[in-house]
Amino acid sequence: MTATEPIAIAELRLRAEEQLDAKPGDKQAAILQGDQMRLLHELQVHQVELEMQNRELIEAQSEISRNLEQLTELYDLAPIAYLTLDRNGCITKSNVMARKLLGTPFLALNRCHLSRFIAHDSLHAYKEFINHIFSLGRLESCNLTLPGRVESAPIHVFMEGVADEDRQECRLVVTDLSRQHASDAALASLAIRGEKLAAATRAAETANRAKATFLANMSHEIRTPMSAILGMVHLMRRSGLNIQQNAQLEKIDVAAKHLLGIINDILDLSKIDAEQLLIEQMPFKLDILLAEVSSLVIDKIEAKNLVFRISMAPELRECELIGDPLHLKQILLNLLSNAVKFTECGLIELRVVLDTVNNKEMVLRFTVQDSGCGIPADALARVFMPFEQVDASTTRQYGGTGLGLSISRRLVELMHGKLEVSSTLGSGSTFSFTIPLQRGVEVSAPAYFEAKPAKPDAESILKTRHRNKRILLVEDDQVIQEVMLAILQEDIGLLVDVANNGAQAIDIAATHDYDLILMDMQMPVMDGLTATKALRQQAKHMKTPILAMTANAFIEDIQRCIDAGMDDFIAKPVEPEILFDTLVKWLEALQPIK
């Protein structure tokens, strides 16, 4: 039983009597008889009861004091501000948080009007709030602003209050909302930044789409006349020209292919930036690849009387490699072309060695070294940047777009390798890169330039096996029509019908059978994609090979052609050898039409 619990009267008397009986006997009590004895006993019992109640009262008072101290401490140290006001709005009681919030010590705060601490723009709302508390006698609340300390931001608070029963005082609970307001402001700021970022992202995506559209249009508009130029050069060479005319045609051909190379570089860079360039994994022989690369630069090397050496680790001739030979060839051709361009005399060397090797993979190091003019030390850091030139002045000696090295480095990185350069001005440059390649099937390697049995070329196959096969050419450019008719019909012997647009192609194909259809993409009246979808609905052309022959050369263009129902893709300008190979591929796979 605690000191604060009431004691039953019967229990108190019982305890008092037990305590009295425990005391030593009294001589005076022994001579008393009858009523006197009983009266004395009662007095003694009441005395014991009073003593016991007095002790319990003292204990109860001590416990109440302790509880009051705890409550006061809890009130004073509460994380929320508490205030007590009289009817005049004077502060009669406050806790530490309230004094901290108001920025005033206890003695200065006591008996002060709370209105002194309310911001001017919140005074009206505060007075209404206090009036409602005392007049309505119910819980009221409002949002107010305190002015804050000097050079500090205003303090936003939420205030709740209720009056006591006789409405002489009211008690307020004040919550500091500054952090919440700061969080709200931060969230609002983040939302604004997010909107700006989203707008910037949308603008960037729009710009990228515009860039892609521009590049696609530029590619089409340049490749189409380029196809006509190169086609006419091809035809003129077959017509029998004198030495001077052949030399002039050669210059046209070189200039046109140079321009085409620039276009291809820009498109490659665009594909890499858009992450649309795919790295293939196919088997190839390194010695054959190096021979093909060297054949593309050997004429320029010999024209400058340079020494050209190729060295390859012997063990690389004994195994087949798996990787991307096309892009590897492109990298080596870029590096060798640069070496030829910047070397006037001396040596150009291409080396391939094993860097590291394990059971399934080997890392090869390719090095292209020249004895040319070299690169200044301050220019080495930017040689791999797109559109950068070591010498960008108007009097520079060497041409170029500054894209070759940038594309090469990006291609090497896509192959999980690294391209590096070292150079000494006046002594030459060394470009080297490492790429991992998987091992293929080991075979006995032929000699480097070992002759192989000749096989019929595609042009011969077309002339002997597929003469008089019927082809529909869908093309709107009249010059390209003329070139293709001369190559396919006059030279090869195919039977070629021409449609100027997709709508004409549908009408012509509805009444004719064709072994193969060559389809341009971008044409007036009806484009090639729409025409192909319509042709696939005709029973006679559901399986007829339809080959895209277009100046739209992006990866997405190829995919659009495949999605529309085309079977293959030939990019303009059309190289006759590629055209012949592709025609043979599809005509050889067909049964003759009835």
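Residues numbered from 1 in each chain as written. Predicted model: local features only at pLDDT ≥ 70, side-chain atom pairs only at ≥ 80, totals over all residues. Heavy atoms only, no water.

## Side note on the packing of aromatic side chains
Test applied: A pair of Phe, Tyr and Trp rings is counted when the ring centres sit within 6.5 Å of each other, with Trp represented by its six-membered ring. The angle between the planes then sorts it: under 30 degrees is stacked, over 60 is edge-to-face, the rest tilted. Each helix is a run of DSSP H or I of at least 4 residues and each strand a run of E of at least 2, with the numbering of both proceeding from the N terminus. Each residue is placed in one exposure class: buried if its accessible area under a 1.4 Å probe, protein chains only, is under 20% of its type's maximum, exposed if it is over 50%, and partly exposed if it falls in between.
Inspection of every chain in the model, using the stated rule, returns one aromatic pair. Consider the rings of Phe366 and Phe433, whose centres lie 5.0 Å apart with planes at 10°: the pair is stacked. Note that Phe366 is positioned in strand β10 (residues 361-370) and Phe433 in strand β12 (residues 428-439), a separation of 67 residues in sequence. The same class applies to Phe366 as to Phe433, namely buried.

## A few points about the pairing of β10
Look at any regular strand and the pattern is simple: side chains alternate between the two faces of the sheet. This is how the line gets drawn: Strand pairing requires that DSSP identify at least two bridges connecting the strands.
Here β10 lies mainly inside the structure; seven of its 10 residues are buried. Bridge count for strand β9 (residues 347-357) against β10 is nine bridges, and the pairing is antiparallel. Bridge pairing in β10 places Thr356 opposite Val363. Counted between consecutive antiparallel strands, the loop separating β9 from β10 contains three residues. Of the strand pairs in this sheet, β10 and β12 are connected by nine bridges, and their pairing is antiparallel. Note on β12: the bridge partner recorded for Thr367 is Ser432.

## Re the packing of helix α14 (residues 502-511) against helix α15 (residues 528-535)
Where we set the bar: Convention adopted: a line fitted to C-alpha atoms gives each axis, helices being fitted over their contacting stretch, and angles between N-to-C directions are expressed from 0 to 180 degrees. For classification purposes, an angle smaller than 35 degrees is called roughly parallel, one larger than 145 roughly antiparallel, one from 65 to 115 roughly perpendicular, and anything else oblique. Crossing chirality is assigned from the near helix's rotation relative to the far helix, an anticlockwise turn below a right angle marking it left-handed and a clockwise turn marking it right-handed. Contacts were defined at the residue level, with two residues in contact if any of their heavy atoms lie within 4.5 Å. Under the scheme applied, nonpolar residues are Ala, Val, Leu, Ile, Met, Phe, Trp, Tyr, Cys and Pro; charged residues are Asp, Glu, Lys and Arg; polar residues are all the others, including Gly.
For the pair α14 and α15, the least separation of the axes is 8 Å and the interaxial angle reads 20°. As summarised for this structure, α14 and α15 are arranged roughly parallel, according to the angle between their axes. Taken as a pair, α14 and α15 cross one another with a handedness that is right-handed. Together, Gly502, Ala505, Ile506 and Ala509 of α14 and Ala531, Ala534 and Leu535 of α15 make up the contact between the two elements. Tallied by class, the residues present in the contact of α14 with α15 amount to six nonpolar, one polar and no charged.

## Here we look at a negative patch on the surface
The criterion, for reference: Exposure above 30% relative accessible area and the lack of any salt bridge qualify a residue for a patch; like charges then connect within 9 Å, and the nonpolar side chains Val, Leu, Ile, Met, Phe, Trp and Tyr within 5 Å. Surface exposure here means Shrake-Rupley accessible area, sampled with a 1.4 Å probe, where a residue is shielded only by the protein chains that are shown. Put simply, a salt bridge is a Lys or Arg side-chain nitrogen that is within 4 Å of an Asp or Glu carboxyl oxygen. Here Asp and Glu are counted as negative and Lys and Arg as positive; His is not counted, and neither are the chain ends. Just so you know, the charge point we use is NZ for Lys, CZ for Arg, CG for Asp and CD for Glu.
Side chains of Asp457, Glu575, Glu577 and Asp581 sit close together on the surface and give a patch of like negative charge. By the secondary structure assignment, Glu577 is in helix α17 (residues 576-587).

## Looking at the side chain of Asn501
Selection rule: Polar contacts, as counted here, are pairs of nitrogen or oxygen atoms within 3.5 Å of one another; within protein the pair requires one atom able to donate a hydrogen and one able to accept it, and residues that are adjacent in sequence qualify only if both atoms are side-chain atoms.
One can find Asn501 in the loop between β14 (495-499) and α14. Note on Asn501: relative accessible area 9%, which makes it buried. A distance of 2.9 Å separates a polar atom in the side chain of Asn501 from the backbone nitrogen of Gln504. Sequence-distant contacts of Asn501, that is, excluding residues within four places in its chain, are made with Val474, Met523, Pro524, Val525 and Met526.

## Notes on the sheet that holds β14
With respect to topology, five strands assemble into an open sheet ordered β14-β13-β15-β16-β17, the strand pairing being parallel. Unpaired on one side and paired on the other, β14 and β17 (568-571) mark the two borders of the sheet. Taking each pair of neighbouring strands and ignoring which way they run, the sheet shows an average axis angle of 20°. Each of β15 (516-519) and β16 (546-550) is contacted by α15, which is oriented at about 155° to β15, the strand it contacts most.

## Focus: the pattern of salt bridges
Counted according to the given criterion, the structure contains 16 salt bridges. Note that Arg465 is salt-bridged to Glu588, the shortest N-O span being 2.8 Å. One end of the pair, Arg465, is in helix α12 (residues 458-465); the other, Glu588, is in the segment after α17, with 123 residues separating them in the sequence. Within this structure, Glu475, Asp520 and Lys572 form a network of salt bridges that share partners.

## Quick look at α12
The line we're drawing: The arc under discussion is defined with respect to the helix axis, by the directions toward the C-beta atoms.
Considered for burial, the residues of α12 that qualify are Ala458, Glu459, Ile461 and Leu462. Around the axis of α12, the buried residues are gathered within 165° of arc, so they sit on the same side.

## Quick look at the nonpolar core
This is how it is decided: Within this scheme, the nonpolar core is defined by two criteria: the residues are buried Ala, Val, Leu, Ile, Met, Phe, Trp, Tyr or Cys, and they are joined through side-chain atoms within 4.5 Å.
Ranked by size, the top nonpolar core spans 43 residues in total, and within it Leu286, Leu332, Leu364, Phe366 and Phe433 carry the most contacts. Those elements giving two or more residues to this core turn out to be α9 (286-303), β7 (307-312), α10 (325-341), β9, β10, α11 (404-414) and β12. Top contributing element to this core by residue count: α10, with seven residues. Contact partners of Phe433, with chain neighbours within four places excluded, come to Leu328, Ile331, Leu332, Leu335, Leu364, Arg365, Phe366, Val412, Lys418 and Leu419.

## A look at the packing of α12 against α17
Two elements in contact, α12 and α17, have axes whose closest approach is 8 Å; the angle formed by their N-to-C orientations is 45°. If you check the angle between α12 and α17, you find them oblique. Viewed along their axes, α12 and α17 form a crossing whose handedness is left-handed. Taken together, the residues of α17 that come into contact with α12 (itself represented by Ala458, Glu459, Ile461 and Leu462) are Phe580, Asp581, Leu583, Val584 and Leu587.

## Observations concerning the confidence of the model for the protein chain
What counts here: What pLDDT expresses is the predictor's confidence in each residue, scored from 0 to 100.
With 83% of its residues at a pLDDT of 70 or more, the protein chain shows a mean pLDDT of 81. Scored below 50 in pLDDT, residues 1-5 makes seven contacts in the model with residues more than four places away or belonging to other chains. Under a pLDDT of 50 for its full length, residues 392-397 has, in the predicted model, four contacts with residues more than four places off or in other chains.

## What about the state of the cysteines?
By definition, a disulfide links two cysteine residues through a covalent bond between their sulfur atoms. We apply this condition: Counting rule for disulfides: a pair of cysteine sulfur atoms within 2.5 Å.
Evaluated as defined, the whole model comprises zero disulfides. Of the cysteine sulfurs around Cys112, a residue in no disulfide, the closest is that of Cys90, at 8.0 Å.

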